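Descriptive structure summary
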Amino acid sequence: MIFTIDAHLDLSMNALEWNRNLRLPVTDIRRREKGQTDKPDRENGVVSLPALRQGNIGLVVATQIARYVAPDNPLPGWFSPEQAWAQTQGQLAWYKAMEDAGEMTMIRNLQELDQHLARWNDGTPNDNKPIGYILSLEGADSIIDLRYLEKAYNSGLRALGPAHYGPGRYANGTDATGRLNDQGKALLKEMERLDIILDATHLCDDAFWDAMDLFNGPVWASHNNCRALVNHNRQFSDEMIRVLIQKGAVIGGAMDAWMMVPGWVRGKSTPRETGCNLEKLIDHLDHICQLAGNTLHIGLGTDLDGAFGKEQCPYDLETIADLQRLPALFEKRGYSKTDIENIMHGNWLRLLRSAWS
């Protein structure tokens, strides 16, 4: 099996808000949820720490997430930035508890990265090895003010996406419009100072172009697909992809079905009836490769625990361990062994080494 990196997993959200014991096999988590209906993906989860090991997924970008919502914002979230900050700190506490249990290990610099890779590639079984995680923040609303960004960095934060869905305190995201405000511009400058990677995922078009003009540090897009294949503002246009390529970014292919196939109707469509399988992910990633002229700007950023499960992901994926089916599918498309290793882990590692050197 090829060592694999997944650049976007909301593990702590799954553990705390979905109340899933991610130390258990996926089958046990599903069994515990039998008959529950409070979340759309009950009994359909595809992620657990044992499943990551089964798929040789030894390194993930693990998120914190907590949205602030103003009184006129209908989205779910917290009613003050301070509450949102506290929520992210609870999520960090879960990651730390997983470290204490030997389940995970935080990766903050090149030395820790190299040590972790050596451990996972030493030829011994990976059944009990800790999953390495790089801490990322999805949406900057919980950064009360810029002093808190340095606090977060000192706690291990190494990547940040300024926006999520709707209007944000620093940047507007999916389904919203509007340029970066003064706070957002100051946030980017402070991220540069701290060498925090900018995650371009979820930025609305206006904010995306501002960020590309203003930010001079390392950039990636942890979980994004192509607007040319599924036309939605959540996706990147070809013009946006070209700018990301120019900046040396890597774009992680997302596995939320509505981002993979056109015409998806939430709560009604099914992966099988829409033909949503792993080949559709490769269509999106291949599109980026055609724009780039190489395979150096794509990777995996599945978002497979992002509030959906088997009801809304590729039908030929039972758990996240099935990412190991992708190399054979890429090979069938004519991708070389080197290409496939780049996609499964090499491109993310190259970006990290450049950002942290």
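Placed above this text is the structure.
The structure contained in this document is the topic of the report that follows. For clarity, every value in this text was computed on a predicted model and none was experimentally measured.

**Quick notes on the pairing of strand S1 (residues 4–9)**
Across the 6 residues that make up S1, a large majority, 6, are buried. In this sheet, strand S2 (residues 57–64) lies alongside S1 in parallel orientation, the contact comprising 4 bridges. When the sheet's bridge partners are listed, aspartate 6 is paired in S2 with valine 60.

**Side note on the state of the cysteines**
By definition, a disulfide links two cysteine residues through a covalent bond between their sulfur atoms. Using the criterion set out here, one finds 0 disulfides in the structure. In this structure cysteine 226 is not part of a disulfide, and its nearest cysteine sulfur, from cysteine 289, lies 9.6 Å away. Owing to a relative accessible area of 0%, cysteine 226 belongs among the buried residues under this scheme. No disulfide involves cysteine 313; its sulfur sits 7.5 Å from the nearest other cysteine sulfur, which is in cysteine 276.

**Structural notes on empty space enclosed by the protein**
Throughout the structure, instances matching the rule amount to 3 cavities of 30 Å³ or more. As a volume, the largest cavity reaches approximately 70 Å³. If you trace the largest cavity, you find it lined by Gln64, Trp85, Thr88, Gln89, Leu92, Leu135, Leu137, Ser142, Ile143, Ala152, Ser155 and Leu157. Of the residues forming the lining of the largest cavity, the biggest block, 4 residues, is contributed by helix H4 (residues 81–100). Across the lining of the largest cavity, the residue classes tally to 7 nonpolar, 5 polar and no charged.

Criteria and thresholds
- Residues numbered from 1 in each chain as written.
- Predicted model: local features only at pLDDT ≥ 70, side-chain atom pairs only at ≥ 80, totals over all residues.
- Heavy atoms only, no water.
- Buried < 20%, exposed > 50% of the residue type's maximum accessible area, 1.4 Å probe, protein only.
- Helix = DSSP H or I, 4+ residues; strand = E, 2+ residues; numbered from the N terminus.
- Pairing = 2+ DSSP bridges.
- Disulfide = S-S within 2.5 Å.
- 1 Å grid on protein atoms, 1.4 Å probe; cavity = no way out; pocket = protein on both sides within 12 Å on 5 of 7 lines; lining within 4 Å.
- Points joined across faces, edges and corners; volume = space filled by probe spheres on them.
- Nonpolar A, V, L, I, M, F, W, Y, C, P; charged D, E, K, R; others polar.

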